[in-house]
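Fold and geometry: a report
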Amino acid sequence: MLENTVNFIKEKIADFNPEIAIILGSGLGELADTYCDITINYNEIPGFEVSTVSGHKGRLVFAKINGKNVVMMQGRFHFYEGHSIQKVVYPVKVLKKLGVKTLIITNAAGGVNPSFNPSDLMVITDHINLMGQNPLIGLNDDSMGVRFPDMSEVYEPDYIELLKKTGREIGIDLQEGIYLALTGPSYETPAEVRMARTLGADAVGMSTVPEAMVACWAGMKVMGISCICNSAAGVSTVGLSHEEVIKAANKAKDKFKNLVVEVIKKL
Ligand code: HPA
């Protein structure tokens, strides 16, 4: 199957060899509208699911950004949509087979750290997997990675430094911290958010961790950026809604775009 998918995409993109991939989170998809040379809708791609969340388009977008060959996932597959964890991470395996070396994963997240504000960007330094799922369970594909992969540096330390340096250079204040993943789709209870904080998390969300684990296993270098879209439940007294999340992501999208475009220049 993987081979079918890869061949299908290669045929469409001819001699475009992507080196960098970006998974664009809720409300952050505009980058793929700005830079867009070749597009392939997920529903055309064998082995891909169809993304069902509003604010997510559901296509691969190939473009040259700052001289680099980039492929963007405009929309991702979430576990809470009912896809198996294998289907959620399938595109990452495809990206690896397409020759991608660097994976930039972005998401919308809730701020657990009380010093975070809506529309802040957070450099992900590590994660906590509380999805109750591990995408590497099953027969190991030794051609991709080892059975017991090291997860001590999922988020490439050089990239963490590069993001912080780039942020300073272009005048974007960046937070940094640990992303804790739960399945969703419900937002957390205040007690769950207190648990996340106690465990050392700075942000909570419903994505990223499965993709980051598979990319790490497969030997890709991972960079993670969360857009803090709201204070997680109980951190502030305001109730939560998807509309609020999209609104905060929209407010952050220009600085997000600038940061990513600038960072790509330096990769
Ligand atoms: N919790 C989980 N996921 C999220 C949140 C949140 O508060 N905001 C955006 N994605």
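Sequence positions are assigned chain by chain, starting from 1 and proceeding in written order. Per-residue local features are limited, in this predicted model, to residues with pLDDT of at least 70; the limit for side-chain atom pairs, both in listing and counting, is 80 or more; totals at the level of whole chains, interfaces and linings are taken over all residues. For the side-chain quantities, the full set of heavy atoms in the structure was used; hydrogens and water were omitted.

The next point concerns the site of the ligand. Note on terminology: near, applied to a residue and a molecule or strand, indicates that one of the residue's heavy atoms is within 4 Å of it. Inspection of the region around the ligand gives A108, A109, G110, Y187, E188, V204, G205, M206, N230, L240 and V245 as its neighbouring residues. Each polar contact in these results corresponds to two N or O atoms within 3.5 Å; when the atoms are within protein, one needs to be able to donate a hydrogen and the other to accept it, and residues that are neighboring in sequence are counted only if both atoms are side-chain atoms. G110 has a polar backbone atom sitting 3.4 Å from a nitrogen atom of the ligand. With respect to the ligand, the side chain of N230 contributes an N or O atom lying 2.7 Å from a nitrogen atom. Note that accessible areas follow from Shrake-Rupley with a 1.4 Å probe, and for residues the cover is restricted to the protein chains shown. Compared with its free state, where it exposes 260 Å², the ligand has 95% of that area covered by protein. Only DSSP runs of H or I with at least four residues qualify as helices, and only runs of E with at least two residues qualify as strands; both kinds are numbered from the N terminus onward. The dominant element in the shell around the ligand, judged by the number of residues it contributes, is strand β5 (residues 102-111), at three residues. Following the grouping adopted for this structure description, the nonpolar residues are Ala, Val, Leu, Ile, Met, Phe, Trp, Tyr, Cys and Pro, the charged ones are Asp, Glu, Lys and Arg, and the polar ones are all others, Gly among them. When its residues are assigned to classes, the shell around the ligand shows seven nonpolar, three polar and one charged.

With omega at 5°, the peptide bond leading from G184 into P185 counts as cis. In this fold, P185 is placed in the loop between β7 (174-181) and α5 (190-198). Phi angles above zero are rare outside glycine, and N66 is one such case at about 50°. Turning to its location among the elements, N66 is positioned in the loop between β3 (59-65) and β4 (68-74). We note that T208 has phi near 70°; this positive angle belongs to a residue other than glycine. Each residue's exposure class comes from its accessible area (1.4 Å probe, protein chains only) as a fraction of the maximum for that residue type: buried when under 20%, exposed when over 50%, partly exposed otherwise. In this structure T208 comes out as buried when scored by relative accessible area, which is 0%.

Glancing now at the packing of aromatic side chains. Note on aromatic pairs: the rings of Phe, Tyr and Trp (six-membered ring only in Trp) are paired at centre separations within 6.5 Å, and the planes decide the class, stacked below 30 degrees, edge-to-face beyond 60, tilted for the rest. In the structure shown here, the tally under the stated rule is five aromatic pairs. Ring centres of Y42 and F77 lie 5.1 Å apart, and the angle between their planes is 50°; on these two criteria the pair is classed as tilted. With Y42 in the loop between β2 (38-41) and β3 and F77 in the loop between β4 and α3 (85-97), this residue pair connects regions lying 35 residues apart in the sequence. Across the pair, exposure class does not vary: Y42 and F77 are buried alike. Each ring, one from F48 and one from F77, has its centre 5.9 Å from the other, and the planes form 80°; the classification is edge-to-face.

Now for a nonpolar patch on the surface. Like-charged residues within 9 Å of one another, or nonpolar side chains (Val, Leu, Ile, Met, Phe, Trp, Tyr) within 5 Å, are grouped into patches, provided each residue has over 30% relative accessible area and no salt bridge. By salt bridge we mean one thing: a side-chain nitrogen of Lys or Arg within 4 Å of a carboxyl oxygen of Asp or Glu. A cluster of nonpolar residues, L130, M195 and L199, forms a patch on the protein surface that exposes about 240 Å² of accessible area. L199 sits in the partly exposed class, given a relative accessible area of 46%.

Running from amino to carboxyl end, α3 crosses helix α6 (residues 209-217) at an angle of 50°, the nearest separation of the two axes being 9 Å. Considering their axes alone, α3 and α6 lie oblique with respect to each other. Both α3 and α6 take part in a crossing whose hand is right-handed. Each of I85, V88, V89, V92 and K93 in α3 lies in contact with α6, whose residues at this interface are P210, E211, V214, A215 and W217. To define axes, lines are fitted to C-alpha atoms, for helices over the stretch in contact only, and angles between the resulting N-to-C directions are given on a 0 to 180 degree scale. Throughout, the term roughly parallel applies to angles under 35 degrees, roughly antiparallel to angles over 145, roughly perpendicular to angles from 65 to 115, and oblique to all others. If you view the pair so one helix is near and one far, a crossing is left-handed when the near helix is turned anticlockwise from the far one by less than a right angle, and right-handed when it is turned clockwise. When checking whether two residues touch, look at their non-hydrogen atoms; a contact exists if any pair is within 4.5 Å.

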